[in-house]
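# Fold and geometry: a report
Listed below, chain by chain, are the residues.
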Amino acid sequence: MTDLSFRPSGTRHSPGREGFAENVNPELHRLLSAVDVDIEYVSGKGTELLDASGRTHLDFAGAYGALPFGHNPENVWRAMEAVRDSGEAVFVQPSVLYPAGELARRLVAVAPSGLTRVTFVNSGAEAMEVTIKIARAATGRLGILSTTNSFHGKTLGALSATGNTMYQAGFGAPIHGFDTVPYGDADALQAMLVAAPEQFAAFVVEPIQGEGGVVVPPDGYLTRVREICTEHGVLLVLDEVQTGLGRTGTMFACEREGVVPDVLALAKALGGGVLPSGAVLSKPEWMGESFALRHTSTFAGNALTARVGVAVLDELAANGGALISRVQELGDLLVRELRRLASEYPTVVSDVRGRGLLLGVELTDDINFVGRQSILGSVADQENLAVMMSSYLSQVEGIRLAPTMFGARVLRVEPPLTVTESECMRLVEALGRACALAAAGDLAGLIGHLVGRDRSGGLPARTEPGRSGSSVGARLPHTPVQPGDSRFGFVAHPLDLSIFEAFDPSLAEFSHPERAELLERFSAATSELKPASYIIGSGRIVTEHDGAAHGNLIGLPFTSKGLLTLPPHAAVAAVGAAANLAFERGATVVGLGGYSSVVTANGLALGSMAGVLTTGNSFTAAASIRAVHRVCAERGIDLGAVRVTVLGAAGAIGKTIARALAPDVGAIALVGRPGEQGRIAPKLWDAAGEIVDAAGGGEGALAAAANGRTVDDLVASGHIEFFDDPAAGVARAQVVIAATSAPHSLIDAADLAPDAIVCDVAQPPNIPHDVGLTRPDVTVFDGGIVSMPAGSDFGLTFGLAPGLTYACMAETMLLSLSGEFELRSIGTALNGANVRRLGVLADRYGFELAESTRWREGK
């Protein structure tokens, strides 16, 4: 069943909510609920909406321009009630539609001169389908030319004319005959029509691109386009579905340049904010019988929508068109005030554009816009800042805005035409507070409402137990690249909530439960939004004689458990986006840290990328093998008689360590998942076979027993054991290797044998952190920890002492320094020769095993 857990405070369970979440669009519900904009609106009047919790929202989204007079306009309802009271028949197809004829006469009277034929439709997308049919029938050509970044609807023909492949993918669009040229570039249009004479029936264009990010073309563009289309016998089709009927401060946007198209499409506002309705206006010479007698629609032009359309035109024409003049005045006011905000917060707002009451506020995509690398920077870099600011404005300020569909960085400002000056200023003030929070990097202020913080607006976040003081403005290390540096990247994520703030100091504002909820919301939104990754910081590895390497640490806002619970495709996409970010920033090799390796099948699921990928497993194994030998030597322990237990023996690291130790130890116990019907899992049995093969020629008791014998023989003699219970597996082991991918501890301190030595390679650890307090006889050390070369400046290894790093990250550094990319670790099969070679490179470049002070011991 769909998760309904994210709800704005005050909303309630309802059949409608659950029906939408389960039966209408679960994917959209998940996205909207993740950022608290899944609001149930119970009533609306004018520019205001009332939600189920009793809060009022000022609607500046305006249903994409379909609310010319706001919600529930009186004049429109009067027109509808008049139809009901008169008993006028609404659907009388086939017949002469007299109400439709009346609306058509009214539309022709206000339209650009010469557009005297009207075809009624039910939506903007249907209007565009009609324009395509008119153009093809009139010219005998099939080609339809549109512009990049355009939006014309989502039916197949309209979608083919839409200049955005993201919305076409998977639907067989664009169908044959459709092509695009850059928007605003008349010379490109001319060149295309010269190169393909007699190919195109029409050029379809928006006077202002709405969903493309409220993009305004250069002055004179439409005039030049009109001339070019006339020259080449191509019909000019203007898509005024969003810009028409007063939206831009004139009845039609094309009036600004005095351009008359051959065909003009209308919709949205024509329904008065109550009904779906649209119309296509055309010059009569393009409307032959081949179209007129074969194109019909059951619902289009019905009496009810026609009477509503007349009421809409009456309202727009009232008092000499005062409402439309007012649109121009308020548009000028908003542009002036919004540009003032842009100058006040230049790091947040990069542009303000549009005309009338169709405006766009473009937000930054600079990953460092708050003066440091952060989660907010990541949100901006992934073009999701507009979504987060929309959530803040709705939940904290009571202002309803939304990003444009294609221009995801752009906040659409498209209120009803009846909006007042005071309401416009309320928007500006609220948006100013949102920009101030973003500019300061105040994550708690901007998204604190998602975890139940105070929604009153403009107030500092409250302090609660378990939350540190503000870290706004704090910086994580960033070291510039030096000439000659080799380049690497490393993908990391917080292992648990306790170190989440290390990935962004602003997260210190949040308690652990709040962090958990934020991560859950990130997870819910990841499959729809661009996966959120960001540069946490950077540093340099400096060797004594062999050059230096510069690296960026790329953060994923998911704990180990969070990555594991993401849908598999979303987890792979998130890691892939992080790796691509590193490659885009100049890395030639990228390491996968923590569970970024696990969820991508040790990197295999990412396929071919722009550079080299490595999991770091080979050097992690190499460092752990060396550490076990050193600790046993320091304790005077003879490995030849020691029983070693390997947790995660079927995994890449565990199996590699077991193979390397096999010649030197007395016996090995392998712990892994059980097979079917109580049998040993095939992967674990295969690992045992490799271990027996590797033991040959060694000096330990296992090697002596393995001479010419099978796994079955060694199981019978007790030199090889299998366990699916970790506690039972470690009970008699003098040395334990913990190398599983479990996101939690697998054994308790009491499970370990007396004086046991544990090499814990897992992150998060498989062994409890407090084992040194409860079992002072036991020694636990981090097998995958190494020290970096002296003089290196890479202070981004969270939870470790200065100068230390994880072996998986060190492998990435070694590959970058040496250029020996063939040593990379991908997949589950690790090459023993590569493991040994990485050990040699570590000695060469000055990477050493961490000192024993890192051991977690009680002695």
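Scroll up for the structure.
Residues numbered from 1 in each chain as written. Predicted model: local features only at pLDDT ≥ 70, side-chain atom pairs only at ≥ 80, totals over all residues. Heavy atoms only, no water.

## Regarding the overall build of the chain
For the chain, the count of helices and strands is 28 helices and 30 strands. Dimensions along the principal axes, computed over C-alpha positions, put the chain at roughly 100 × 60 × 60 Å. Every one of the 859 residues in the chain was classed for burial, and the buried ones make up 57%. As presented, the chain carries roughly 32,700 Å² of accessible surface, and 53% of it is formed by carbon and sulfur atoms. (Helix = DSSP H or I, 4+ residues; strand = E, 2+ residues; numbered from the N terminus. Buried < 20%, exposed > 50% of the residue type's maximum accessible area, 1.4 Å probe, protein only. Areas by Shrake-Rupley, 256 points an atom, 1.4 Å probe, with all protein chains shown as cover.)

## So, the packing of helix α11 (residues 303-344) against helix α14 (residues 421-439)
Running from N to C, α11 and α14 cross one another at 20 degrees; their axes reach a closest spacing of 10 Å. The pairing of α11 with α14 is recorded here as roughly parallel in orientation. Between α11 and α14 the crossing geometry is right-handed. The residues of α14 that touch α11, namely those facing Arg326, Leu330, Leu333, Leu334, Glu337, Leu338, Arg340 and Leu341, are Glu421, Cys424, Met425, Leu427, Val428, Leu431 and Gly432. Its residues assigned to classes, the contact of α11 with α14 shows 10 nonpolar, 1 polar and 4 charged. (Axes fitted to C-alpha atoms, helices over the stretch in contact; angles between N-to-C directions. Parallel < 35°, antiparallel > 145°, perpendicular 65-115°, else oblique. Left-handed = near helix turned anticlockwise from the far one by under 90°. Contact = heavy atoms within 4.5 Å. Nonpolar A, V, L, I, M, F, W, Y, C, P; charged D, E, K, R; others polar.)

## Notes on the sheet that holds strand β2 (residues 48-51)
In spatial order, the strands read β1-β2-β3-β13; together these 4 strands make up an open sheet with mixed pairing. Only two strands of the sheet have a single partner each, and these edge strands are β1 (41-45) and β13 (399-400). The pairing of β1 with β2 spans 4 bridges and is classified as antiparallel. Counterpart to serine 43 in the pairing with β2 is leucine 50. (Pairing = 2+ DSSP bridges.)

## Focus: helix α2 (residues 26-34)
Inspection of α2 places His29, Leu31, Ser33 and Ala34 among the buried residues, and these make up the whole buried set. Aspartate 36 lies just past α2 and shows a positive phi near 60 degrees.

## Here we look at the packing of aromatic side chains
Here a ring pair, both rings aromatic, is described through the centre-centre distance and the interplanar angle of the planes. Tallying each qualifying case throughout the model produces 3 aromatic pairs. Judged by centre distance (5.7 Å) and plane angle (65 degrees), the ring pair of tyrosine 183 and tyrosine 221 falls under edge-to-face. Here tyrosine 221 lies in helix α9 (residues 221-232) and tyrosine 183 lies in the loop between β6 (178-181) and α8 (186-195), a separation of 38 residues in the sequence. Across the pair, exposure class does not vary: tyrosine 183 and tyrosine 221 are buried alike. Taking the centre distance of 5.6 Å and the plane angle of 20 degrees together, the rings of tryptophan 685 and phenylalanine 722 count as stacked. With a gap of 37 residues between them, tryptophan 685 in helix α22 (residues 682-695) and phenylalanine 722 in strand β23 (residues 720-723) connect regions that are remote in the sequence. Overall, phenylalanine 722 belongs to the buried group, its relative accessible area being 17%. (Phe/Tyr/Trp six-rings, centres within 6.5 Å; stacked < 30°, edge-to-face > 60°.)

## Notes on the packing of helix α20 (residues 617-634) against helix α21 (residues 652-661)
Their axes nearest at 9 Å, the elements α20 and α21 cross at an angle of 40 degrees. Considering their axes alone, α20 and α21 lie oblique with respect to each other. The two elements α20 and α21 meet at a crossing, and its hand is right-handed. Contact residues: α20 offers Asn617, Thr620, Ala621, Ser624, Ile625, Val628 and His629, while α21 offers Ala652, Ile653, Thr656, Ile657, Ala660 and Leu661. For the contact of α20 with α21, the class distribution of residues is 8 nonpolar, 5 polar and no charged.

## Digging into the nonpolar core
With 172 residues, the main nonpolar core has Phe203 and Phe847 as its most contacted residues. Top element by residues in this core is α11. It accounts for 17 residues. In this structure, phenylalanine 847 is in contact with Ile541, Val786, Ser787, Met788, Pro789, Ala810, Met813, Leu814, Leu817 and Ala842, ignoring residues within four places of it in sequence. In terms of nonpolar packing, the next biggest core, distinct from the first, is built from 40 residues, Ile625, Val642, Ala681 and Ala695 among them. (Core = buried A, V, L, I, M, F, W, Y, C linked by side-chain atoms within 4.5 Å.)

## Describing helix α13 (residues 385-397)
Helix length check: α13, at 13 residues, gives a terminal C-alpha distance of 17 Å against a target of 18 Å (1.5 Å per residue), a fit within 8%. For α13, a buried count of 13 out of 13 residues is recorded, marking the element as mostly surrounded by other parts of the structure. Once α13 ends, the next one or two residues include glycine 398, with phi positive near 70 degrees. (Expected span 1.5 Å × (residues − 1).)

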